[in-house]
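For reference, the chains in residue letters:
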Amino acid sequence: MEKFKTLKSRAIPLDIANVDTDQIIPARFLKATDKKGFGDNVFRDWRYNKDGSVNNEFTLNNTNFSGSILVAGDNFGCGSSREHAAWALVGYGFKVIVSSFFADIFKGNALNNGLLPVQVSENFLAHLMSEIKANPEVKLNVDLKEQSIRINSSRRFENFKIDAYKKTCMINGYDDIDYLLSKKTEIEAFENTLS
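Residues numbered from 1 in each chain as written. Predicted model: local features only at pLDDT ≥ 70, side-chain atom pairs only at ≥ 80, totals over all residues. Heavy atoms only, no water.

S.K.: I tried to follow the overall build of the protein chain on my own but got confused; where do I start?
M.R.: Counting its regular elements, the protein chain contains 8 helices and 7 strands. The C-alpha atoms of the protein chain give 18 Å as radius of gyration, which agrees with the globular expectation for 195 residues (16 Å, within 12%). Seen along its three principal axes, the alpha-carbon backbone of the protein chain occupies a region of about 65 × 45 × 25 Å. Taking all 195 residues of the protein chain together, 43% fall into the buried category. (Helix = DSSP H or I, 4+ residues; strand = E, 2+ residues; numbered from the N terminus. Rg over C-alpha atoms; globule rule 2.2 N^0.38 Å. Buried < 20%, exposed > 50% of the residue type's maximum accessible area, 1.4 Å probe, protein only.)

Okay, here's the thing in structure tokens:
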């Protein structure tokens, strides 16, 4: 997993509430067990029309918006527990998802795959969404160590919560096994006290 400390990036607004995992990655693309290629089909049914043509109305297809931060509506990642949703978002290039609420299983899957879910207040989310829509060039600064997200143009910021263990893993680029390996010396020392 890639280390995450700070990220300064533009953002893509997805002003839709209750985005479920089937909308993030439709079930017909879940046949693979490898993470590769899932980003190509993120939001597939919204990015493309039924005839396969590009839906120019959808925010990810709007060339005014870019960046590795997705700012989404309330209740992001609800629905089924598929880990493929996190794979697809990471595969597309997102490093941070901002919402006022995340489904618990999605949040866990995101953190396990190096995708930082930043939960903010409804007021901050509304302000953030309007700033990005008004000025697609606006940059956000996400600082995991300080647990803050800042809108660089207005200097407005908010702190967010994250599980201490997951924070340590993300900062160091650890998955669960890497974390255990990082504690090998302490584990061995403890084992020696038992003999």
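S.K.: I keep staring at the packing of helix H3 (residues 84-92) against helix H4 (residues 104-112) and nothing clicks. Help me out?
M.R.: In helix packing, the relevant descriptors are the interaxial angle and the interaxial distance, both defined with respect to the helix axes. Packing of H3 against H4 leaves a shortest axis separation of 8 Å and a crossing angle of 50°. In terms of axis orientation, H3 runs oblique to H4. By crossing handedness, the relation of H3 to H4 is classed as right-handed. From H3, Ala-85, Ala-86 and Leu-89 reach across to H4, where they touch Phe-106, Asn-109 and Ala-110. Split by residue class, the contact of H3 with H4 holds 5 nonpolar, 1 polar and no charged. (Axes fitted to C-alpha atoms, helices over the stretch in contact; angles between N-to-C directions. Parallel < 35°, antiparallel > 145°, perpendicular 65-115°, else oblique. Left-handed = near helix turned anticlockwise from the far one by under 90°. Contact = heavy atoms within 4.5 Å. Nonpolar A, V, L, I, M, F, W, Y, C, P; charged D, E, K, R; others polar.)

S.K.: Quick question: what am I supposed to make of the environment of Asp-178 here?
M.R.: Considering the arrangement of structural elements, one finds Asp-178 in helix H7 (residues 176-182). Sequence-wise, Asp-178 and Met-1 are 177 residues apart; in three dimensions their C-alpha atoms are separated by 9.5 Å.

S.K.: Even after reading the chapter, I still don't get the pairing of strand S2 (residues 69-72), so can you show me in this structure?
M.R.: Each regular strand shows side chains that alternate between the opposite faces of the sheet. Residues of S2 alternate between two faces, with Ile-69 and Val-71 on one and Leu-70 and Ala-72 on the opposite face, all of them buried. Taken together, the 3 bridges between S2 and strand S3 (residues 96-99) define a ladder with parallel strand orientation. When the sheet's bridge partners are listed, Val-71 is paired in S3 with Val-98. Following the chain from S2 across H3 to the adjacent parallel S3, one finds a crossover that is right-handed. (Pairing = 2+ DSSP bridges. Right-handed = clockwise from strand over helix to strand, strands pointing away.)

S.K.: Would you mind going over the environment of Lys-183 with me for this structure?
M.R.: The topology assignment puts Lys-183 in the loop between H7 and helix H8 (184-194). Assessed through its relative accessible area of 31%, Lys-183 is described here as partly exposed. When the C-alpha atoms of Lys-183 and Ala-164 are compared, they prove to be 16 Å apart, with 19 residues separating the residues in sequence.

S.K.: For this particular structure, what's the right way to read the pairing of S3?
M.R.: Side chains Val-96 and Val-98 project from S3 onto one buried face, and the interleaved Ile-97 and Ser-99 project onto a second face that is buried too. Note that S3 and strand S4 (residues 116-119) share 4 bridges and pair parallel. Looking across to S4, one finds that Val-98 is bridged to Val-118. Note on the crossover from S3 through H4 to S4: the handedness is right-handed.

S.K.: Looking at this structure, how should I read the nonpolar core?
M.R.: When a protein is soluble and globular, its nonpolar side chains tend to lie buried together. If you look at the biggest cluster of nonpolar residues, it comprises 52 residues, and the most contacted ones within it are Phe-43, Phe-76, Leu-89 and Leu-116. A per-element tally of this core places helix H5 (residues 122-134) first, with 5 residues. In this structure Phe-76 touches Leu-14, Val-19, Ile-24, Phe-43, Leu-70, Leu-89, Ile-97, Ser-99, Phe-101, Phe-102, Ala-103 and Phe-106, once residues within four positions along its chain are discounted. (Core = buried A, V, L, I, M, F, W, Y, C linked by side-chain atoms within 4.5 Å.)

S.K.: Even after reading the chapter, I still don't get the sheet that holds S3, so can you show me in this structure?
M.R.: In a beta sheet, neighbouring strands pair by backbone hydrogen bonds and run either parallel or antiparallel. The strand order across the open sheet built from 7 strands is S4-S3-S2-S1-S5-S6-S7, with neighbouring strands paired in mixed fashion. At either margin of the open sheet sits one strand with a lone partner, and together these are S4 and strand S7 (157-159). Adjacent strand axes in the sheet meet at a mean angle of 25°, parallel and antiparallel pairs treated alike. The pairing of strand S1 (residues 6-14) with S2 spans 4 bridges and is classified as parallel. What sits directly across from Ile-12, in S2, is Leu-70.

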